[in-house]
Amino acid sequence: MTKIKIGYAPTRRSIFSAPDAIKYRGLTAKRLEELGIEFVDITDINEEGLLYNDEDRIKIAEKFKAEKVDGLFLPHCNFGTEYLCARLAKDLNVPVLLWGPLDERPEEDGTRLRDTQCGLFATGKVLRRFRVPFTYMTNCRLNDPVFERGLRDFLAVCNVVKTFRNIRILQISTRPYDFWTTMCNEGELLEKFNIQLSPIPMGELTDEIKKVKEEKTEVEKVIAYCRENMTICIKDAALENVAALKVAMKNLTVKYGCKAVAIQCWNQLQREIGIMPCAANSLMNEEGIPVVCETDIHGAITALLVEAAGMGETRSFFADWTIRHPDCANGELLQHCGPWPISVAREKPQITYPLAFDHPGAVTAEAKHGMVTLCRFDGDNGEYSLLLGNAKGIDGPKGMGTYLWVEVDNIKRLEAKIVEGPYIHHCVGIHKDVVPVLYEACKYMGIAPDLYDPIEEQVKAYLRGE
């Protein structure tokens, strides 16, 4: 599981009970420890371990920056000091989680010790004034299930945002000439989002392939892995090229400090090494390094976001929307030549020949059924959004390559949304419901969430803890 570190800055206000605030800062820290959540505390800043004055706020900000926290947690242990929370959040520029423990019954004389909910209302308003996006976790008790769920979802949001702000993609060659759909604006991606590309020519890849074949050791390990985990239906020389391509891509990914790869998978590569790259892509994807086809930069971005939303626990798969299901009114075939990671398969995968191409080197396997999230980051004309929603795997005719028949609520609505854009025929799927996490992360990434089903109120209700 991916580790995310949060800054823990519990807050109080002077006119409410300081002893009760201290009590709840301790109880909350203890609960975080029980849940195995990594956090940076502020007990060294003052003896109470609470945020309540500006001098301490400056020290807290310095500490959290030095510790490189990925998110900020602001428990209101009584009413809290809203302007200090806002200043700290503005200073750090990381996702913010706003929460406070539910108040107890008032004393018999009417005294209230904390007024936590009232303070949360105040801080929410001031964060808006500071233009600081934040996530709100409902006013609840520490042992309520919604507390753990909300925290874990917030960690996933932090992981998505951290990933998005540190994307560098290895681009292997240009996009195929015929694929105008996968055109991207490299300068705009850098200017808007700090998304960086590391473009290399096809020759640099083939040079690396020759080098790793001469060195043999890593290539032999990959060949052994393939023989153990897949049925091999291609010749030994082709399998060696699959393994060498995988090792070469991994080496170049490390060399250029990249997190994902977009490769021109046809046709020049086949002229150079005689195989399709799909099986090599599958092997990279299985290691959690997304490799997408047809030099689809936006597809690589999508894959990184989806995997981050799943906290690296589940592999994603890069697919085409292809044809309607012949028997299911809202069914659709998700398919690609064979780049899906083998952990996605419901059967033992084969390395064989792909649909529509004569060269070897593709994986064939139907994917596991069950609920999936489908997603696509895309944009044009300076505007970017994230298409997202759910589907379920269903039975359907046998396919080639890696494939999954899915059913959605309304295929006509989805079809129109993809055609009308800014999306294309590519998407990324994952066997996990990460729609709420991605929806919430959009506010921090500065892109619009675009749900292909009318489920926005349900997603918001989930995020509210309902």
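The preceding data block contains the structure.
Below you will find a few notes about this structure. (Residues numbered from 1 in each chain as written. Predicted model: local features only at pLDDT ≥ 70, side-chain atom pairs only at ≥ 80, totals over all residues. Heavy atoms only, no water.)

Moving on, we come to the pairing of strand E6 (residues 168–172). Counting buried positions over the five residues of E6 gives four, a clear majority of the element. You can see the chain leave E6, run along helix H6 (residues 186–193) and come back into strand E7 (residues 196–200), and the turn it takes is right-handed. Inspection of the sheet shows E6 paired to strand E9 (residues 260–263) by four bridges, in the parallel sense. Paired with Leu170 across the bridge in E9 is Val261. (Buried < 20%, exposed > 50% of the residue type's maximum accessible area, 1.4 Å probe, protein only. Helix = DSSP H or I, 4+ residues; strand = E, 2+ residues; numbered from the N terminus. Right-handed = clockwise from strand over helix to strand, strands pointing away. Pairing = 2+ DSSP bridges.)

What follows covers the pattern of salt bridges. The tally for this structure, following the rule as stated, stands at 32 salt bridges. The residue Glu48 makes a salt bridge to Arg12 at a minimum N-O spacing of 2.6 Å. Of this pair, Glu48 sits in the loop between strand E2 (38–40) and helix H2 (54–67) while Arg12 is found in the loop between strand E1 (5–8) and helix H1 (18–34), placing the two residues 36 residues apart along the sequence. For the pair shown, Glu48 and Arg12 are each scored as buried. With a closest N to O distance of 3.1 Å, Glu34 and Arg31 form a salt bridge. One end of the pair, Glu34, and the other, Arg31, are both in helix H1, three residues apart, so they sit about a helical turn from each other. (Salt bridge = Lys/Arg side-chain N within 4 Å of Asp/Glu carboxyl O.)

Below, the discussion takes up the packing of aromatic side chains. On inspection of all chains with the given rule, the structure shows 12 aromatic pairs. Aromatic side chains Phe179 and Trp266 sit 5.5 Å apart centroid to centroid with 80° between the ring planes, which places their arrangement in the edge-to-face category. Taken together, the residues span a long stretch of sequence, with Phe179 in the loop between E6 and H6 and Trp266 in the loop between E9 and helix H10 (268–273) at a distance of 87 residues. Plain terms: the ring middles of Phe193 and Tyr384 are 5.3 Å apart, the flat faces sit at 90° to each other, and that makes the pair edge-to-face. Of this pair, Phe193 sits in helix H6 while Tyr384 sits in strand E16 (residues 383–394); the two residues are 191 residues apart in sequence, bridging distant segments of the chain. Neither residue differs from the other here; Phe193 and Tyr384 are each classed as buried. (Phe/Tyr/Trp six-rings, centres within 6.5 Å; stacked < 30°, edge-to-face > 60°.)

Gaps left between atoms are located by rolling a probe of water-molecule size over the structure's atoms. Of the voids in this model, the largest pocket is the one considered here, and its volume is about 280 Å³. Surrounding the largest pocket, 14 residues form its lining, Thr163, Lys259, Gly288, Leu304 and Ala308 being those nearest its centre. Of all the secondary structure elements, the ones that give two or more residues to the lining of the largest pocket are helix H5 (145–164) and helix H12 (297–309). (1 Å grid on protein atoms, 1.4 Å probe; cavity = no way out; pocket = protein on both sides within 12 Å on 5 of 7 lines; lining within 4 Å. Points joined across faces, edges and corners; volume = space filled by probe spheres on them.)

Strand order in the open sheet formed by five strands is E2-E1-E3-E4-E5, and the pairing between neighbours is parallel. With partners counted over all chains shown, the strands left at the sheet margins are E2 and strand E5 (135–136), one partner each. Of the pairings in the sheet, the one linking E1 to E2 comprises three bridges and is parallel in character. The residue bridging Gly7 from the neighbouring strand is Val40, located in E2. H1 contacts E1, E2, strand E3 (71–75) and strand E4 (96–99) of the sheet and is inclined by roughly 170° relative to E1. In the packing of H5 onto the sheet, contacts are made with E1, E3, E4 and E5, and the angle to E3 comes to roughly 155°. (Contact = heavy atoms within 4.5 Å. Axes fitted to C-alpha atoms, helices over the stretch in contact; angles between N-to-C directions.)

Think of a sheet as strands paired side by side through backbone hydrogen bonds, with each pair either parallel or antiparallel. An order of E7-E6-E9-E10 is seen for the four strands of this open sheet, with the pairing classed as parallel. Because the sheet does not close on itself, it has two edges, and the strands there are E7 and strand E10 (291–292). As paired strands, E9 and E10 are joined by two bridges and run parallel to one another. Bridging from a neighbouring strand, Ala262 pairs with Val292 of E10.

Counting residues in hydrophobic clusters, the biggest one holds 107 residues, and the most contacted among them are Phe73, Leu205, Ile301 and Leu438. Other than its neighbours up to four places away in sequence, Phe73 contacts Ile6, Gly7, Tyr8, Ala9, Thr28, Leu32, Leu97, Trp99, Met137, Phe147 and Leu151. In terms of nonpolar packing, the next biggest core, distinct from the first, is built from 25 residues, Leu51, Leu84, Ala86 and Leu98 among them. (Core = buried A, V, L, I, M, F, W, Y, C linked by side-chain atoms within 4.5 Å.)

The next subject is the side chain of Asp56. Tracing the backbone through its elements, the reader meets Asp56 in helix H2. Of the side chains with opposite charge, Lys59 lies nearest to the buried Asp56, which makes no salt bridge, at 4.4 Å. Ignoring sequence-local partners within four residues, the contact set of Asp56 consists of Ile45 and Asn46. (Lys, Arg positive; Asp, Glu negative; His and termini not counted.)

Mapped onto the fold, Val242 is located in helix H9 (residues 236–255). Residue Val242 is classed as buried on the basis of its relative accessible area, which comes to 0%. Sequence separation of Val242 and Val219 is 23 residues, and the distance between their C-alpha atoms is 8.9 Å. Not counting residues within four places of it along the chain, the set of residues in contact with Val242 comprises Ile234, Ile275, Ala279, Ala280, Leu283 and Gly361.

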